[in-house]
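# Architecture and fold: a report
Residue-level listing of the chains:
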Amino acid sequence: MISNEKTTIGAVLSAPVRWLAEAIDIPMRWWQGIAGRPGMISFFLIPNLLIFGMFVLVPLFINIVYSVTGGTELFLSDRSYVGGAHFNRLLECENHFNPNSCREDLFWIALWNTIKFVFTQVSVMIVFAVITALILNGKIRARAFWRAVFFFPVLLSPVVVGLIWQWMLQRQGVFNFILFQFDAQAINWLTERTWAFGAAVGVSIWAHVGFYVLILLAGLQAIPRDLYEAAEMDGTPPARAFWRITLPLLWPNLLVVIVLALIRAVQVFDEVYVLTGGGPGTSNLYLTQYIYEVGFASILRNPGLASAASLIMASILVVLTLAQLGLTRWKDKK
Amino acid sequence: MGRIRLESLRKSYGQVEVLKDINLEIEEGELVVFVGPSGCGKSTLLRQISGLDRPTSGNIFINENDATNVSAADRGLAMVFQSYALYPHMTVRQNLAFGLQNAKMPKAEMDERISAAVEMLEIGPLLKRRPGQLSGGQRQRVAIGRAIVRDPTAFLLDEPLSNLDAELRVSMRAELSALHARLGATMIYVTHDQVEAMTLADRIVVLRAGKIEQVAPPITLFEKPVNKFVAGFIGAPNMNFLTLDDVQPVLGNVGVPAGATMTGIRPQHLSPAETGLDMTVTLVEALGTETVIHGVLGSGATILVTVPGHVKTSKGEHMTLNVDPAHLHFFDADELRVEAA
Ligand SMILES: Nc1ncnc2c1ncn2[C@@H]1O[C@H](COP(=O)(O)OP(=O)(O)OP(=O)(O)O)[C@@H](O)[C@H]1O
Ligand SMILES: [Mg+2]
């Protein structure tokens, strides 16, 4: 029971704190006057909703408006309605597999580059992550240290990642120095198309793999040890134990990891942009960079076209996100 | 065939010696139970035998062959785990078949073995289910089935019933006993439930702190415990340990063996009488079939008595107790059993 004696919190607190509390009370009292006691829930929710609206809903709305209006003006009311013209321009192709036959060839180059990047990066990274997680889950020396080593790059800012690797991969960088020690020819890691793509994939894997290793490691640790002991008693060869026990039991985690990695890879931008600037040529031009350059960086700024492209990319991400949500729910049910 | 012999087996984890010089011979077809308090090394000993773990020193012989360095799979033993360790993503049938597939057994033979085990354990209707869709008792059966299909030299069972409720435990215990009789296979069974040990075992191995205290058939263990530890561990409620002075009134003309400093009397062997030990009752537990009476002697020593049926007494009352001298145990200063010459 609450006693009738009035021991308000204000009496206990010192004066400045009391003033602050009273100041906060003013809008709360005002709101309760309007919404009533049950409506006070919304008082606590509104700040969050405002932030969400400001940083998500409003930009989304602006983005949609841009995508159906033309011109280089930034103020929405100055822009003229063009309907689906931007989308048509982006999607207009004689042969969608040949970017040169497309009206907006750079968009298609970026799209195909992104697809190529996503498949290469995700598949290599997942295999690498699984192997790393298996090793880190085993009995190895200094296990905690190695786990930290693999997770460390995840904590770095993408720009820092890009710069570090640029230093190491440039013509006078440490990689070529090592090659030089072995009397091998220097390689133009960042200026030759194939190497540059490989470098982008490699650096991006280096930067992100630790996160996925961590998730997979958690999944591996959730597999009871005695299953492996039962398998050992059953005379199961290690490879068969991996395919028949580890992999099926890790599968739910693995699927989530794959979809998360896909979502991240589709949005590839910062570290690769810092690393190669999208080059050489257009060999490392990806969708996000295309959008950024069309919208802000090129001489012929075209925010409408950039917005349309970003909505196309968003729809890909929505599909992947829904898949991820579905998978998570399926996994929790299992 | 299923003889297992352990020779001066030792196991240390770092500085800690968990098994200290274990010597044991298990005959073919025998059901041997390892009992002992928690942490005494029962599971560790079983793991050395299974091959999942290797001893620090000593040897393991299976059917007279040195198996100390043979891999777990090649020892021909099957293990039933406390947690069952069924593969959760496989159906019951796949669980049973997994080990046989590893051995690349022809399908016809595999089917035959599986259906034999399925029939024996009556798990036919469960074959298509996954472990998650089974009750504890059903999982237990499947786990045993997985061991049976391998037709092992010996079965190793680590507290297989401890995850079941009391009622199921009693019925599974009886089934295991029947299964052992039917298969005629060597079984090593770990438990810390002494009722399980007493009811199942051909011989019981009592372990304490990594050492074997006594190996004997259940009744021998009950009637002739080699030392105070075994005497106190086997039998419920625990044996009363009293000084010679305490029991002077009932010793009468019983010859006290030379060197004895302490007597042990099981609560069941004390009974109300005209003359004997004078006890003040402190607590009465009426269980229906028997009554457990707690009391103190004149010297202040506590004592437990169980009397069949219902006995009318209550706290503060006095009782006089007598004991059949044949049921008196004597221990010397080193807590070892001493008997009248
Ligand atoms: N891998 C290990 N590393 C270090 N110490 C261990 C290891 N396994 C067991 N021990 C120690 O060995 C001792 C015996 O353990 P064990 O599991 O054999 O006991 P137990 O008799 O089976 O006990 P319980 O009845 O509780 O199952 C314990 O003190 C335990 O802490
Ligand atoms: Mg144990």
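The following paragraphs examine the structure supplied in this document. (Residues numbered from 1 in each chain as written. Chains lettered and ligands numbered in written order. Predicted model: local features only at pLDDT ≥ 70, side-chain atom pairs only at ≥ 80, totals over all residues. Heavy atoms only, no water.)

### With respect to the overall build of chain A
Looking only at helices and strands, chain A has 14 helices and two strands in total. Relative to the globule expectation of 20 Å for 334 residues, the C-alpha radius of gyration of chain A, 27 Å, shows a markedly less compact shape. In terms of overall dimensions, chain A has a C-alpha envelope of 85 × 70 × 40 Å along the principal axes. Counting only residues that meet the buried cut, chain A has 37% of its 334 residues in that class. Here the contacts in chain A between residues at least 6 apart in sequence split such that 61% fall between residues at least 24 apart. As presented, chain A carries roughly 20,000 Å² of accessible surface, and 69% of it is formed by carbon and sulfur atoms. For chain A, the distance from the average position of its 23 positive side-chain charges to the average position of its 19 negative side-chain charges is 7 Å. (Helix = DSSP H or I, 4+ residues; strand = E, 2+ residues; numbered from the N terminus. Rg over C-alpha atoms; globule rule 2.2 N^0.38 Å. Buried < 20%, exposed > 50% of the residue type's maximum accessible area, 1.4 Å probe, protein only. Contact = heavy atoms within 4.5 Å. Areas by Shrake-Rupley, 256 points an atom, 1.4 Å probe, with all protein chains shown as cover. Lys, Arg positive; Asp, Glu negative; His and termini not counted. Charge placed at Lys NZ, Arg CZ, Asp CG, Glu CD.)

### Details of the packing of helix 4 (residues 136-148) of chain B against helix 5 (residues 166-183) of chain B
All names here are of chain B. In contact at an axis separation of 12 Å, helix 4 and helix 5 are set at 15° when each is read in the N-to-C sense. The angle between helix 4 and helix 5 falls in the class roughly parallel. In this structure, the crossing between helix 4 and helix 5 has a hand that is right-handed. Residues Gly-137, Gln-140, Arg-141, Ile-144 and Ile-148 of helix 4 lie in contact with helix 5, whose contacting residues are Leu-168, Met-172, Glu-175, Leu-176, Leu-179 and Leu-183. Class assignment for the residues of the contact of helix 4 with helix 5 results in seven nonpolar, two polar and two charged. (Axes fitted to C-alpha atoms, helices over the stretch in contact; angles between N-to-C directions. Parallel < 35°, antiparallel > 145°, perpendicular 65-115°, else oblique. Left-handed = near helix turned anticlockwise from the far one by under 90°. Nonpolar A, V, L, I, M, F, W, Y, C, P; charged D, E, K, R; others polar.)

### A word on the layout of surface pockets
Residues and elements named next belong to chain A. Considering only enclosed or pocket space, the largest pocket measures out at about 580 Å³ in volume. Around the largest pocket sit 17 residues that line it, and Asn-137, Gly-138, Arg-225, Tyr-228 and Thr-246 are the ones nearest its centre. Only helix 5 (105-137), helix 9 (193-221), helix 10 (225-233) and helix 11 (238-266) provide two or more residues apiece to the lining of the largest pocket. A per-class count over the lining of the largest pocket returns eight nonpolar, five polar and four charged. (1 Å grid on protein atoms, 1.4 Å probe; cavity = no way out; pocket = protein on both sides within 12 Å on 5 of 7 lines; lining within 4 Å. Points joined across faces, edges and corners; volume = space filled by probe spheres on them.)

### A look at the site of ligand 1
Residue and element names in this part refer to chain B. In the vicinity of ligand 1, the residues found are Tyr-13, Val-18, Ser-38, Gly-39, Cys-40, Gly-41, Lys-42, Ser-43, Thr-44, Glu-159 and His-192. Within the backbone of Cys-40, a nitrogen or oxygen atom sits 3.3 Å from an oxygen atom of ligand 1. Between ligand 1 and Thr-44, the relevant distance is 2.5 Å, taken from an oxygen atom to a side-chain nitrogen or oxygen of the residue. The protein chains hide 57% of the 640 Å² of surface that ligand 1 would expose on its own. The biggest single contributor to the shell around ligand 1 is helix 1 (residues 42-50), with three residues. Within the shell around ligand 1, the residues separate by chemical class into three nonpolar, six polar and two charged. (Near = heavy atom within 4 Å. Polar contact = N/O pair within 3.5 Å; in protein donor to acceptor, adjacent residues only side chain to side chain.)

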